[in-house]
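# Secondary and tertiary structure notes
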Amino acid sequence: MNKKAILCVILTIVCSFRAFQLYWSSTRELRSTDGHSWLPLKKKKVFTETTRIDRLKNDSIILDIHLSRYRPKGHTHHFLHFIQSIIPVVKPKFVVVTGDLTDAKDKKRVTSQQYIDEWDTYQQAIEEKVDVDWYDIRGNHDCFDLPSWQSRVNYYRTHGKSAGLVEQGKGVYSWQVNQPMGDYQFVAIDACPKRGPSRPLNFFGYLTSKTMDQLEKALTYKPFNHTFVFSHYPTSTMVFGVSNKGRTFRDLASHYSLGDVLKSYDPVTKSLELELGDMKEHGLYRVVAVDHDLISFVDIQLPMKQIAKKGPVNALGLVYPMHSNKSIIWPEIIHPPPSILITNPKDARFSIPTKEPLWRIRQSTHIRFLVFSESDTQDLSVEVSIDGKVHSEQALFVGDTKNPLWAVAWDASLYEDRKPHKLSVKVTTIDGVVGASSSVFRVDTNRAKIKGGSGEFIIKSKMSTVLICISLFTITTMLCLLLIPKFYAPQHQDDFSSKNRMNRLLLRIHTIDQVTTKSRYQRLQKQILIWSLRFLKLPQDQVTVWYITFFYILALLTLPWFRADFIPSGDSLAERYGTFYMWGMVFANEWVPIADTWLFATDQIVFDIFVFFFLVVWRGTDASDLTCRGGLNDTSRHVKLRRQMNEMAWFKGLEMVYWLWRSSELIALSSFYGGIWPTLVQNLLVYWMLFVGAVLGWGKNGVFTKKKAKNRFLYLVEGCVSCQQQQQKQDMYTDKTTISDEKKERQYTSSTSITATTLTQEEEQQKVGRKKNTLKQ
Ligand SMILES: *[C@@H]1O[C@H](CO)[C@@H](O)[C@H](O)[C@H]1NC(C)=O
């Protein structure tokens, strides 16, 4: 048995234990402390349907803003317009800002920190003009470069509207709207990491077991007609802990109707996630209404044409729209066109069959919609059409000053063909300004496809899980590809079984080569054989490369990758400097299980390790290692080899460019996290890149490696008839003087199964001669 290989396997097992231990401690905060199983519990159904019909209208606005001191386009500017000109028109019951209140990026958008003036603008603008309820939560931008909740740079704590609620509820707060027709609950979740690294490794959010307890409390406290959950992070970019009762997020998600992320419907928890575009660039906000317990929403854009492309900047070039007395410099009032939110029949793409009384659509007597407009209702002309045909009934205003509700009589039974239909509403003001909205509805309570494309897919997959799987799968694959051939590596110089194995592989390759027209299967088979040969050769041909790659992969699993100044705003070194593990970050001996480490790890493992590993193994053979002598043109007896793609100069050039690109990515890391020391010096990845660079340059078949005469060697494969025949012909041809030399060589190698031979000098001369001839022709 191969002792070294066994030692390596034992080492791998030991490292796996250590890796598991790291995983275990890094996710401690996500697990329940009571020792409950973290397997999902059986779900209980919470909502029961009744058949009462009455009216409810209740709307809210949701947005994502990014106030930025450096960006005069959009951002702050849009926000001020929104507060000044939209809220008075829509008159929502409340506004929810789902995070990224500020942008927190620097001028060049490289680094990030919390700027107090962005927060001042936010706070001041709300104080001056907002007279509806306002709820906010932090997004990842609001916790860039944030040492802790208590830190002085956690400006949300001092400037955010709902900071008190977040603090009290340990990251989760809720409010209720109780109306005669029903009770509604709204829950907001702050999923920011406890310690927020600055950009770019701060994209994922997580909920600790404690926060999950809070969420569980909020969601199961009493049945509501609907519960809405707001969070900055789509569930796909969050890592969820398990509550003390052992509940996972999935269990809890079945208790709410609507989350606020990408548009997707989860068939398991039967809840809807709706992502909202942003306010900063696209000026988007969402209005949500509940009508007879049917939830509808519309995403509306600010009237961009009326808004100057660039907002004003102050003398320093910063966006800071404040007078010296600290009051906001408001932009000019804008006049949004009428916007329409159809509430019945609700859009079938977003229906939630188990939580909404969708049968009410079929029984309804009227189409209902809200029209938000500055104009008086009598100055609006409304046109309703279904499937492109103008509806015959007249739309009537049935609302009041707070509820701009309109209704049109209809006969829902006309649309009972189990197909989706299109409803359009067009509203024209007296000045000829038009607003329009349309929806797809069904009266048979079925859902219509969301057609969200990739967006819908992304929301359905848990990104952190996908990343963890890719990383660990790649690592396992590489370890197998390293370890298995190690067992077959020769123990000593003349290891027959190992050489026999090589010979057998080569023989099979040569046999396939003799077939003139190869089937697809044969070609595939040949590739598999060639790659097996290459992997087998690695531990004997490139011993150092093998060992370094092996140890490096184990190091990635068990050791810290690098140390860096992740939170420059921290007051002490312990607050600032974090240690990066694949499993999470450690600050002052405390794990932050932020999933960004996996994003970074996947990128490194796939592009910096797997790709280079693959390139190095590929170089393990060159064309002369694989070509059968019998395939040569026997009349001229010279070798004309088709080179492997990776032997071409252009390919080697590409390899170098790739290496430079990957190295520059690492250098970029230092510009984010505190410069060369410690980010680059205390960094495993840097040493790996240096090693890889050296191997590509000066290793086997490297760019700068001198081509040995080996290039003119061809293996004589035992058992290959074609090789043998060619050899005999060569023997007959070869001059007596050179034959003695060659005989010596063959005698030396005849004890082994593979024999190599060189082309004779004569042949070489002939080759040159032929070249000349062809030139002459
Ligand atoms: C809200 O729920 C209650 C209790 O289940 C029910 O009686 C009521 O009809 C619901 N409200 C609406 C608008 O459906």
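Small disclaimer: the values here were computed from a predicted structure and weren't measured.

## Quick look at the overall build of the chain
What the chain contains, in helices and strands, is 22 helices and 27 strands. Across the 777 residues in the chain, those meeting the buried criterion constitute 55%. Pairs at least 24 apart in sequence give 74% of the contacts found in the chain among residues at least 6 apart. Surface exposure of the chain reaches about 36400 Å², of which carbon and sulfur atoms provide 57%.

## Considering the pattern of salt bridges
All told, the structure shown has 22 salt bridges when counted by the stated rule. A salt bridge links glutamate 590 to lysine 194; the nearest nitrogen and oxygen atoms lie 3.6 Å apart. Here the residue glutamate 590 occupies a position in strand 25 (residues 590-592), and lysine 194 occupies one in the loop between strand 5 (182-189) and strand 6 (205-207), the gap between them amounting to 396 residues. Using a relative accessible area of 28% as the deciding quantity, one classes glutamate 590 as partly exposed. For arginine 662, the salt bridge identified is with aspartate 608, shortest N-O distance 2.4 Å. Here the residue arginine 662 occupies a position in helix 17 (residues 649-672), and aspartate 608 occupies one in helix 15 (residues 596-618), the gap between them amounting to 54 residues. By relative accessible area, which is 1% here, arginine 662 ends up buried. Assessed through its relative accessible area of 0%, aspartate 608 is described here as buried. Counted as one network, the salt bridges with shared partners bring together Glu29, Lys194, Arg195 and Glu590.

## Some words on the confidence of the model for the chain
Of all residues in the chain, 81% have pLDDT values of 70 or greater, and the mean over the chain is 81. Predicted confidence in the chain is weakest over strand 27 (residues 754-757), with a mean pLDDT of 43, and strongest over helix 13 (residues 543-558), with 96. Between residues 36-58, whose pLDDT stays under 50, and residues either more than four places distant or in other chains, the model counts 60 contacts.

## Observations concerning the state of the cysteines
Joining two cysteines, a disulfide is a covalent bond between their sulfur atoms. Per the stated rule, a full pass over the model turns up 1 disulfide. Across a sulfur-sulfur distance of 2.4 Å, cysteine 143 and cysteine 192 are joined as a disulfide pair. One quick way to see it: the torsion about the S-S bond of cysteine 143 and cysteine 192 is about -80 degrees, and its sign makes the bridge left-handed. Taken together, the residues span a long stretch of sequence, with cysteine 143 in the loop between strand 3 (133-137) and helix 4 (155-159) and cysteine 192 in the loop between strand 5 and strand 6 at a distance of 49 residues.

## Re the nonpolar core
Judged by nonpolar contacts, the single largest core of 76 residues is most densely connected at Ile83, Trp134, Trp175 and Leu215. Counting residues per element, this core draws most heavily on helix 2 (residues 75-90), which supplies 8 residues. Beyond its immediate sequence surroundings of up to four residues, tryptophan 175 is in contact with Phe94, Val96, Tyr135, Tyr184, Gln185, Phe186, Ala188 and Phe230. In this structure, Leu30, Trp583, Val616 and Val695 belong to the second largest nonpolar core, which totals 69 residues.

## With respect to a nonpolar patch on the surface
A cluster of nonpolar side chains, namely Ile6, Leu7, Ile10, Val14, Ile484, Phe487 and Tyr488, defines an oily patch on the protein surface of about 630 Å² accessible area. Contributing elements (two or more residues each) for the nonpolar patch: helix 1 (3-26) and helix 10 (463-488). Per element, the largest residue contribution to the nonpolar patch is 4 residues, and it comes from helix 1. The exposure class assigned to isoleucine 6 is partly exposed, which follows from its relative accessible area of 34%.

## Comments concerning the sheet that holds strand 15 (residues 366-372)
Spatial ordering of the open sheet is given by 14-15-19-18, a layout of 4 strands whose pairing is antiparallel. On the outer flanks of this sheet lie strand 14 (339-344) and strand 18 (396-397), each paired with one strand and no other. The pairing of strand 14 with strand 15 spans 5 bridges and is antiparallel. If you follow isoleucine 340 over to strand 15, its bridge partner there is valine 371.

## Quick word on helix 6 (residues 209-220)
If you check helix 6, its first and last C-alpha atoms are 16 Å apart, about what 12 residues at 1.5 Å a residue would give, namely 16 Å. Next to the buried residues of helix 6 lie strand 4 (172-179), strand 5, strand 6, strand 7 (226-231), strand 8 (238-240) and helix 7 (249-253).

## Here's the deal with the sheet that holds strand 22 (residues 562-565)
As summarised here, the arrangement of the 4 strands in space is 22-23-24-25, forming an open sheet in which the pairing is antiparallel. What marks the edges here is a single partner per strand, and that holds for strand 22 and strand 25. Looking at each pair of strands side by side, their axes are set apart by 30 degrees on average, direction ignored. Sheet topology places strand 22 next to strand 23 (residues 577-581); 4 bridges connect them, and they run antiparallel. By the bridge assignment, aspartate 565 is partnered in strand 23 with tyrosine 577.

## Digging into the packing of aromatic side chains
Using the criterion set out here, one finds 54 aromatic pairs in the structure. Ring plane angle 15 degrees and centroid distance 5.1 Å describe the contact between tryptophan 531 and phenylalanine 614, whose orientation is recorded as stacked. With tryptophan 531 in helix 12 (residues 520-541) and phenylalanine 614 in helix 15, this residue pair connects regions lying 83 residues apart in the sequence. Residue tryptophan 531 is classed as buried on the basis of its relative accessible area, which comes to 18%. A network of ring pairs unites the aromatic residues Trp561, Phe562, Phe566, Phe580, Phe587, Phe600, Phe672 and Tyr673 as a single cluster. Residue placement shows arginine 31 over the ring face of tryptophan 24; its charged tip is 3.5 Å from the ring centre. For the cation-ring pair, lysine 129 lies above tryptophan 330, with the distance from its terminal atom to the ring centre recorded as 4.2 Å.

## Brief notes about the side chain of aspartate 293
Within the fold, aspartate 293 resides in the loop between strand 12 (284-291) and strand 13 (294-301). Here aspartate 293 is buried and forms no salt bridge, its nearest opposite-charge partner arginine 360 lying at an N-O distance of 4.9 Å. Polar side-chain contacts of aspartate 293 include one of 2.3 Å to the side chain of tyrosine 184. Within the local environment of aspartate 293, its side chain forms a polar contact with the side chain of asparagine 225, the two groups lying 2.9 Å apart. Not counting residues up to four positions away in its chain, the partners in contact with aspartate 293 are Tyr184, Asn225, His226, Glu356, Pro357 and Arg360.

## Let's talk about the side chain of serine 464
Mapped onto the elements, serine 464 comes out in helix 10. Setting aside anything within four residues of it in sequence, one finds serine 464 in contact with Phe204, Ser236, Met238, Val239 and Ala595.

## A look at unusual backbone geometry
Between asparagine 344 and the following residue, proline 345, the backbone shows a cis peptide bond with an omega angle of -5 degrees. Mapped onto the elements, proline 345 comes out in the loop between strand 14 and helix 8 (359-363). A cis amide bond, omega 5 degrees, links tryptophan 677 with the succeeding residue proline 678. Summarising the element assignment, proline 678 is placed in helix 18 (residues 676-679). Despite not being glycine, aspartate 100 has its phi angle at roughly 55 degrees, a positive value. Tracing the sequence through the fold places aspartate 100 in the loop between strand 2 (94-98) and helix 3 (116-129). In this model, asparagine 589 sits at a positive phi of 60 degrees, which is unusual for a non-glycine residue.

Cut-offs and rules
- Residues numbered from 1 in each chain as written.
- Predicted model: local features only at pLDDT ≥ 70, side-chain atom pairs only at ≥ 80, totals over all residues.
- Heavy atoms only, no water.
- Helix = DSSP H or I, 4+ residues; strand = E, 2+ residues; numbered from the N terminus.
- Buried < 20%, exposed > 50% of the residue type's maximum accessible area, 1.4 Å probe, protein only.
- Contact = heavy atoms within 4.5 Å.
- Areas by Shrake-Rupley, 256 points an atom, 1.4 Å probe, with all protein chains shown as cover.
- Salt bridge = Lys/Arg side-chain N within 4 Å of Asp/Glu carboxyl O.
- pLDDT = per-residue confidence, 0-100.
- Disulfide = S-S within 2.5 Å.
- Core = buried A, V, L, I, M, F, W, Y, C linked by side-chain atoms within 4.5 Å.
- Patch = residues over 30% accessible without salt bridge, like charges linked within 9 Å, V, L, I, M, F, W, Y side chains within 5 Å.
- Pairing = 2+ DSSP bridges.
- Expected span 1.5 Å × (residues − 1).
- Axes fitted to C-alpha atoms, helices over the stretch in contact; angles between N-to-C directions.
- Phe/Tyr/Trp six-rings, centres within 6.5 Å; stacked < 30°, edge-to-face > 60°.
- Lys NZ or Arg CZ within 6 Å of the ring centre and 35° of its normal.
- Lys, Arg positive; Asp, Glu negative; His and termini not counted.
- Polar contact = N/O pair within 3.5 Å; in protein donor to acceptor, adjacent residues only side chain to side chain.

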